Amino acid sequence: MTIVQKMRAQLGPAMKSRDAARTGYLRYWIAQLTLGSGEEMPDADAVKKMRAVLKEAKSAATTFTAEELDFLREWVPASLSPEQIRDALAPAADAIRAAPKEGMALGVAMKALAGQVVETEDVKAAVAAIRGS
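Residues numbered from 1 in each chain as written. Predicted model: local features only at pLDDT ≥ 70, side-chain atom pairs only at ≥ 80, totals over all residues. Heavy atoms only, no water.

## Here we look at the packing of aromatic side chains
This is how it is decided: Ring pairs are drawn from Phe, Tyr and Trp, using the six-membered ring of Trp, whenever the two centres fall within 6.5 Å, and their geometry is named by plane angle: stacked under 30 degrees, edge-to-face over 60, tilted for the rest. Segments assigned H or I by DSSP are reported as helices when at least four residues long, segments assigned E as strands when at least two residues long, and all are numbered from the N terminus.
If you walk through the whole model with that rule in mind, you get 4 aromatic pairs. On the numbers, 5.4 Å between centres and 55° between planes, the contact of tyrosine 25 with phenylalanine 71 is tilted. Highlighted residues: tyrosine 25 in helix α2 (residues 20-32) and phenylalanine 71 in helix α4 (residues 66-75), separated in sequence by 46 residues. Residues tyrosine 28 and phenylalanine 64 carry aromatic rings whose centres are separated by 5.7 Å and whose planes lie at 75° to one another, so their mutual orientation is edge-to-face. Separated by 36 residues along the polypeptide, tyrosine 28 in helix α2 and phenylalanine 64 in the loop between α3 (43-59) and α4 bring together distant segments of the chain.

If you want it as structure tokens, here you go:
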């Protein structure tokens, strides 16, 4: 079941319970994640789009309310914490330190974290700590 299908399944109960905030949220995101052809956006793209909204909300003013952002967090897989990132990078610490440039060290770190959900800023901070910058 795709994200949009799950949202559609939750829309009916939200409408019946007269939960205006959740109903509005679900309607908005169903529309955002449905392509003009009527096809649903792939889950990976949907999560990427929702994660971008959360990232925007962290760094700047957003049009979404705090309640809407909480609803959104329910749909986006949690990313690793900075501590978990440091622990995951421990085996690659020597390669990160040996990298001649910061960008190359970040590349080594991202390869070590491949397949895991991380925030780039947290990885940059972990790489800087490992390199002693």
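After that view of the structure, there is still more to cover.
## A few points about the nonpolar core
Which entries qualify depends on this criterion: Take the buried residues of types Ala, Val, Leu, Ile, Met, Phe, Trp, Tyr and Cys, join any two whose side-chain atoms come within 4.5 Å, and each joined set is a nonpolar core. Partly exposed describes any residue whose relative accessible area lies between the buried limit of under 20% and the exposed limit of over 50%, with all areas from a 1.4 Å probe on protein chains only and scaled to the type maximum. Residues count as neighbours in contact if any of their non-hydrogen atoms are within 4.5 Å of one another.
Grouped together as the largest cluster of nonpolar side chains are 22 residues, with contacts concentrated most on Ile3, Met7, Tyr25, Trp29, Leu33 and Met50. Contributing elements (two or more residues each) for this core: α1 (3-16), α2, α3 and α4. Apart from the residues within four sequence positions on either side, tryptophan 29 is in contact with Met7, Lys49, Met50, Val53, Phe64 and Leu72. Ranked by size, the runner-up nonpolar core spans 16 residues in total, among them Ile85, Ile96, Val127 and Ile130.

## Quick look at the packing of α2 against α4
In plain terms, the rule: Note on geometry: axes are lines fitted to C-alpha atoms, helical ones only across the stretch in contact, with angles between N-to-C directions running from 0 to 180 degrees. An angle counts as roughly parallel when it lies under 35 degrees, as roughly antiparallel when it exceeds 145, as roughly perpendicular when it falls between 65 and 115, and as oblique in every other case. Handedness of each helix crossing follows the sense of rotation of the near helix against the far helix: counterclockwise by less than a right angle gives left-handed, clockwise gives right-handed. Note that Gly is not counted as nonpolar here; it falls among the polar residues with everything else outside the nonpolar set of Ala, Val, Leu, Ile, Met, Phe, Trp, Tyr, Cys and Pro and the charged set of Asp, Glu, Lys and Arg.
Here α2 crosses α4 at 60°, and the two axes come no closer than 10 Å. For the element pair α2 / α4, the angle class is oblique. Helix-helix and strand crossings are classified by hand; for α2 and α4 the assignment is right-handed. In this structure, α2 uses Ala21, Arg22, Tyr25, Leu26 and Trp29 to contact α4, whose residues at the interface are Glu67, Glu68, Phe71, Leu72, Glu74 and Trp75. Looking at the contact of α2 with α4 residue by residue, the class counts come to 7 nonpolar, no polar and 4 charged.

## Re the environment of tryptophan 75
You can see tryptophan 75 is positioned in helix α4. Exposure remark for tryptophan 75: the relative accessible area of 14% places this residue in the buried category. Distance in space between the C-alpha atoms of tryptophan 75 and tryptophan 29 is 11 Å, their sequence separation being 46 residues. Once residues lying within four places of it in the same chain are set aside, the contact partners of tryptophan 75 are Ile3, Lys6, Met7, Gln10, Tyr25, Leu26 and Met50.

## Considering the packing of helix α7 (residues 102-112) against helix α8 (residues 120-131)
Axis angle and axis distance: for two packed helices, these are the angle between their axes and the distance between the axes, and together they describe the pair. One can describe the packing of α7 onto α8 by two numbers: an axis separation of 10 Å at closest approach and a directional angle of 115°. Considering their axes alone, α7 and α8 lie roughly perpendicular with respect to each other. Pair α7 / α8 crosses with right-handed handedness. Judged by residue contacts, Glu102, Ala105, Leu106, Ala109 and Met110 of α7 engage Val123, Lys124, Val127, Ala128 and Arg131 from α8.

## A word on the environment of threonine 120
Its location among the elements puts threonine 120 in helix α8. For the pair formed by threonine 120 and methionine 110, sequence separation is 10 residues and the distance between their alpha carbons is 8.7 Å.

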